[in-house]
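The primary structure of each chain is shown beneath.
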Amino acid sequence: MNLGILLTEGPFQTSKSQTVSEIAKASLRKGHKVEIFLFLDGVYNVLSTQEMPTLSRQPVDDFKDIIDLGGKVIACGVCVAARGLEKGKNFIENAKILGLPQLSEMIDRSDRFISF
Amino acid sequence: MKKIIITFSKPPHGTSYYSEGLRLASGMGFDDHDTMLVFLGDGVFCALKNIDNKASEPFLETIAEFKYPFFVEKESLEKREIPETDLDPKFQVVSRENVSKFIKNSNIHIGV
């Protein structure tokens, strides 16, 4: 199954990014294909410079796992620019910066699509 | 091509979900998806006449070109005591039962 996910919130504010990463990893381990589109503050999930001192693993580590398991992670370019994130200079490797046409294509490929 | 329903459940003030949801909707035309916009819960405040649509104008123009319909849920309006005469004319009032049918008949639901 091709699972598409839209994530609109960043880490450290609500539990949505954790929910998404857990669903994504569980799906990938079951052999499904997973693509995640990061929208609005969701783009913060792939910043490699996260550093919450109370955590041994940062939320971004879960997104690295998703990519390592074969998942695709795309951040909305307009959202990245709006937040001054310098074209994703500090994003994790293989997190792509694209646009809404790619979200539309992702939706077209998805058997199921969920949004958070 | 998919049948997409985008639901708006937040008011136009306080967050950027309204204008950014419209931007997302405007992007669905790239693959000719059959898209509708449904406003429910506090999202019905987005349907009022004369809200500030300055940030959303480019997206509303694109959505108008694609002719995506705008629906607003009747029960959410009633709960908030918003009369239909206060609504922007592009919104069609539909019952919750019809919203359920829209969701059932869609392939994809995006909630903003």
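Refer to the structure above for everything that follows.
Residues numbered from 1 in each chain as written. Chains lettered and ligands numbered in written order. Predicted model: local features only at pLDDT ≥ 70, side-chain atom pairs only at ≥ 80, totals over all residues. Heavy atoms only, no water.

1. What about the overall build of chain A?
A count of helical and extended segments in chain A gives four helices and five strands. Reading the helices (α) and strands (β) of chain A from amino to carboxyl end gives β-α-β-α-β-α-β-α-β. Along the first, second and third principal axes, the C-alpha set of chain A runs to 35 × 30 × 25 Å. In chain A, buried positions account for 49% of the 116 residues. When contacts within chain A are restricted to residue pairs at least 6 apart in sequence, long-range pairs at least 24 apart make up 72% of them. For chain A, the exposed surface amounts to about 5,700 Å²; the carbon and sulfur share of it is 48%. (Helix = DSSP H or I, 4+ residues; strand = E, 2+ residues; numbered from the N terminus. Buried < 20%, exposed > 50% of the residue type's maximum accessible area, 1.4 Å probe, protein only. Contact = heavy atoms within 4.5 Å. Areas by Shrake-Rupley, 256 points an atom, 1.4 Å probe, with all protein chains shown as cover.)

2. Re the interface of chain A and chain B
One widely used convention gives an interface's size as the accessible area the parts lose upon coming together. Listed as interface residues are 19 residues of chain A and, on the opposing side, 17 residues of chain B. Interface of chain A and chain B: buried area, both sides summed, is about 1,600 Å²; carbon and sulfur atoms make up 59% of it. Linking chain A to chain B there are zero salt bridges. Run the count over chain A and chain B and you get nine residue pairs in polar contact (both at pLDDT 80 or more). If you list the elements that add at least two residues to the side of chain A that touches chain B, you get α3 (77–82), α4 (100–109) and β5 (112–115) of chain A. Sorting elements by how many residues they give to the side of chain A that touches chain B places α4 of chain A first, with eight residues. Per-class residue counts for the side of chain A that touches chain B are eleven nonpolar, four polar and four charged. (Buried area = accessible area lost by both parts, 1.4 Å probe. Salt bridge = Lys/Arg side-chain N within 4 Å of Asp/Glu carboxyl O. Polar contact = N/O pair within 3.5 Å; in protein donor to acceptor, adjacent residues only side chain to side chain. Nonpolar A, V, L, I, M, F, W, Y, C, P; charged D, E, K, R; others polar.)

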